[in-house]
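# Observations on the three-dimensional arrangement
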Amino acid sequence: MQKLKFDSQVSVERSATGKFLPSHSPEVNDNTVGLKCTHALVGHQKAIITIVASGEFLFTSGRDKLIKMWDLVDDKEILQYQMPSAVELLAFDAKMRVLYTVDGGKISAWDTETGSEKPLKVITESKSIQFVEIDECGRLWVAVDKTVRFLKSAAKGLQRTF
């Protein structure tokens, strides 16, 4: 696990799957983690629904139907997508620089390198998608109803594997 230290009491560890997990130093004697806000990214006009962090980037989806890409090094917005409806789930393939958005039963792949306003590819499922996750091999795991499937990134798009 990669560990980032913010002050003498709080640190954040990055798990093998890329998730950020709060932790505290052994010097803290109580059972609380003394988290301290060090950065604030402001830009949505309505509540944020979901976020996904990956290295130097953070993606947010809000009830304002916007998806924003933030540069965590410079603490600024670098890309914005206007969506027809609020996006429920996000996943980011850092190797391919592709953002996956989920709206109901539709998965869209977006090229964050070019910032194109049109998705690279859209796949529609017959039922609503409950969960998405990118693994280290670039597979997009998708939970649909009672089944877990995966889609493989292929040349900045999606390829059905089922």
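In case you missed it, the structure is sitting above this.
Just so it is clear, the model here is predicted, and its values are computed rather than measured. (Residues numbered from 1 in each chain as written. Predicted model: local features only at pLDDT ≥ 70, side-chain atom pairs only at ≥ 80, totals over all residues. Heavy atoms only, no water.)

On to the sheet that holds strand 5 (residues 57-62). Pairing in this open sheet of four strands is antiparallel, and the strands run 4-5-6-7 from one edge to the other. Of all strands in the sheet, those with a lone pairing partner are strand 4 (48-54) and strand 7 (76-82), marking the two edges. Each strand of the sheet is rotated relative to its neighbour by a mean of 20°, with strand direction disregarded. Of the strand pairs in this sheet, strand 5 and strand 6 (residues 66-71) are connected by five bridges, and their pairing is antiparallel. Bridging across to strand 6, S61 finds its partner in I67. (Pairing = 2+ DSSP bridges. Helix = DSSP H or I, 4+ residues; strand = E, 2+ residues; numbered from the N terminus. Axes fitted to C-alpha atoms, helices over the stretch in contact; angles between N-to-C directions.)

A ring pair, where both rings are aromatic, is described by two values, the distance of the centres and the angle of the planes. The tally for this structure, following the rule as stated, stands at four aromatic pairs. Seen from their ring centres, F57 and F92 are 6.2 Å apart, and the 80° between their planes marks the pair as edge-to-face. Of this pair, F57 sits in strand 5 while F92 is found in strand 8 (residues 89-93), placing the two residues 35 residues apart along the sequence. The exposure class assigned to F57 is buried, which follows from its relative accessible area of 8%. Judged by its relative accessible area of 8%, F92 is buried. Centroid distance W141 to F150: 5.1 Å. Interplanar angle 50°. Geometry classified as tilted. The class for W141 is partly exposed, based on a relative accessible area of 29%. For R139, the ring lying beneath its charged end belongs to F150, and the centroid distance is 5.6 Å. (Phe/Tyr/Trp six-rings, centres within 6.5 Å; stacked < 30°, edge-to-face > 60°. Buried < 20%, exposed > 50% of the residue type's maximum accessible area, 1.4 Å probe, protein only. Lys NZ or Arg CZ within 6 Å of the ring centre and 35° of its normal.)

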